[in-house]
Every structure is written in C-alpha cells, then in structure tokens.
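Here's the letter readout for the chains.
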Amino acid sequence: MKKKLITGLLTVVACFTVGSTSFAASAATPSPTTLAETSNVITLADQISVPISLRVGESITVAGSNFWISGDYGGIYLNQQGLIIGLSPGVCTVVGYLPNGDTVLYTVTVR
C-alpha cells in the first residue's frame, strides 16, 4: 500500500514538474544579447518636404548639401551651394541632404 501511495505521489509530482517546465520554456524572456541585436536596426532617413514659391528672377539659398534636380528641369538655376534662381515659370523638385542624414525635398514653383 505504501509503495502504491509513494508511486502515485511521485507520478503527480513528476506531472507538475514537467507541466511547469513546459510553461516556463514557452514564456522565456529574451536575453540581453537579443535585445542588443534588435536595437541596431538601421532605419531609412526621414524625408522632409519644403514648398518654395519664387517669381521669375527671384532667388533663394536653401539648407543642405549635394543638391540635384529630380525630374523635370522646371525653369530654375541651381548650384552646389543651394542657390536657386527662378528662370521661367514651372515646377520642379530639388533634392538635398541635411547634416543629420535626412533628405530634404524642395518643391520649387516659379511663377
């Protein structure tokens, strides 16, 4: 009788032990190295849009560097220092890069 009781108790204890181990394994928390790996994800730089309105003959110097005209010419003069001069009516986009890595899109409308 004592053997059956001890065997039954050991079986119950074994079931609880196995059951609690499987639950603990499924609810594992990430290790610090896993968290460090996910914090090194590189995201795309933000794009900032700035509308600019000029009359023919007017000029403006915009912030940024490495400027270029995206798409149609749009009737402007653009130099590498960010000087934009309205030459003829039209619309174009000037793209440049800010020191923090963001891309800036100047939508230039010449009237």
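So, how was this worked out
- Residues numbered from 1 in each chain as written.
- Predicted model: local features only at pLDDT ≥ 70, side-chain atom pairs only at ≥ 80, totals over all residues.
- Heavy atoms only, no water.
- Helix = DSSP H or I, 4+ residues; strand = E, 2+ residues; numbered from the N terminus.
- Buried < 20%, exposed > 50% of the residue type's maximum accessible area, 1.4 Å probe, protein only.
- Contact = heavy atoms within 4.5 Å.
- Core = buried A, V, L, I, M, F, W, Y, C linked by side-chain atoms within 4.5 Å.
- Pairing = 2+ DSSP bridges.
- Axes fitted to C-alpha atoms, helices over the stretch in contact; angles between N-to-C directions.
- Patch = residues over 30% accessible without salt bridge, like charges linked within 9 Å, V, L, I, M, F, W, Y side chains within 5 Å.
- Areas by Shrake-Rupley, 256 points an atom, 1.4 Å probe, with all protein chains shown as cover.
- Salt bridge = Lys/Arg side-chain N within 4 Å of Asp/Glu carboxyl O.

S.K.: Explain the overall build of the protein to me, please; I cannot follow it from the model alone.
M.R.: Counting secondary structure elements, the protein contains 2 helices and 7 strands. When burial is assessed residue by residue, the protein has 21% of its 111 residues classed as buried. Considering only intrachain contacts with a sequence separation of at least 6, the fraction spanning at least 24 residues in the protein is 50%.

S.K.: How do you make sense of the nonpolar core when you look at a structure like this?
M.R.: Of all hydrophobic cores here, the largest spans 13 residues; its most connected members are Ile76, Ile84, Val94, Tyr106 and Val108. Broken down by secondary-structure element, the contributors of at least two residues to this core are β1 (47-54), β4 (76-78), β6 (90-97) and β7 (103-110). For this core, the element with the highest residue contribution is β7, accounting for 4 residues. Residues within four places of Ile76 in sequence aside, it is in contact with Ile69, Ile84, Ile85, Leu87, Cys92, Val94, Val108 and Val110.

S.K.: Help me understand the pairing of strand β5 (residues 83-86), please; the structure alone is not making it clear to me.
M.R.: Regular strands place their side chains on alternate faces of the sheet. Only one face of β5 is covered, namely the one carrying Ile84 and Gly86; the face carrying Leu83 and Ile85 has none of its residues buried. In the sheet, strand β2 (residues 59-61) pairs with β5 via 3 bridges, with the strands oriented antiparallel. Within the sheet, the bridge partner assigned to Ser59 lies in β5 and is Ile85. Pairing analysis gives 3 bridges linking β4 to β5, with the strands arranged antiparallel. Of the residues in β5, the one forming a bridge with Tyr77 is Ile85. Here β4 folds back onto β5 in antiparallel fashion, the turn holding 4 residues, of which Gly82 has a positive phi close to 90 degrees.

S.K.: How do you make sense of the sheet that holds β5 when you look at a structure like this?
M.R.: Sheets are built from strands paired through backbone hydrogen bonds, the pairs being either parallel or antiparallel. Pairing is antiparallel across the open sheet formed by 3 strands, whose spatial order is β2-β5-β4. Each edge of the sheet is formed by a strand with only one pairing partner; in this case those strands are β2 and β4. Within the sheet, the average angular offset between the axes of one strand and its neighbour, ignoring direction, is 15 degrees.

S.K.: How should unusual backbone geometry be read in this particular structure?
M.R.: Most peptide bonds are trans, and most residues other than glycine sit at a negative phi. You will see that Asn66, though not glycine, has its phi angle at about 55 degrees, which is positive. Looking at where Asn66 falls in the secondary structure, it is placed in strand β3 (residues 65-70).

S.K.: Would you explain a nonpolar patch on the surface in this entry?
M.R.: A cluster of nonpolar side chains, Tyr73, Tyr77 and Leu87, forms an exposed patch at the surface whose accessible area comes to about 320 Å². Residue Tyr77 is classed as partly exposed on the basis of its relative accessible area of 40%.

S.K.: Just checking my understanding: could you explain the sheet that holds β7 for this structure?
M.R.: Read from one edge to the other, the open sheet built from 4 strands follows the order β1-β7-β6-β3, with strand pairing classed as mixed. A strand with exactly one partner marks an edge of an open sheet, and here the two such strands are β1 and β3. Put simply, the sheet's adjacent strands are angled 25 degrees from each other on average, direction ignored. By the bridge criterion, 4 bridges tie β3 to β6 in an arrangement that is antiparallel. Within β6, the position partnered with Ser65 by the bridge is Tyr97.

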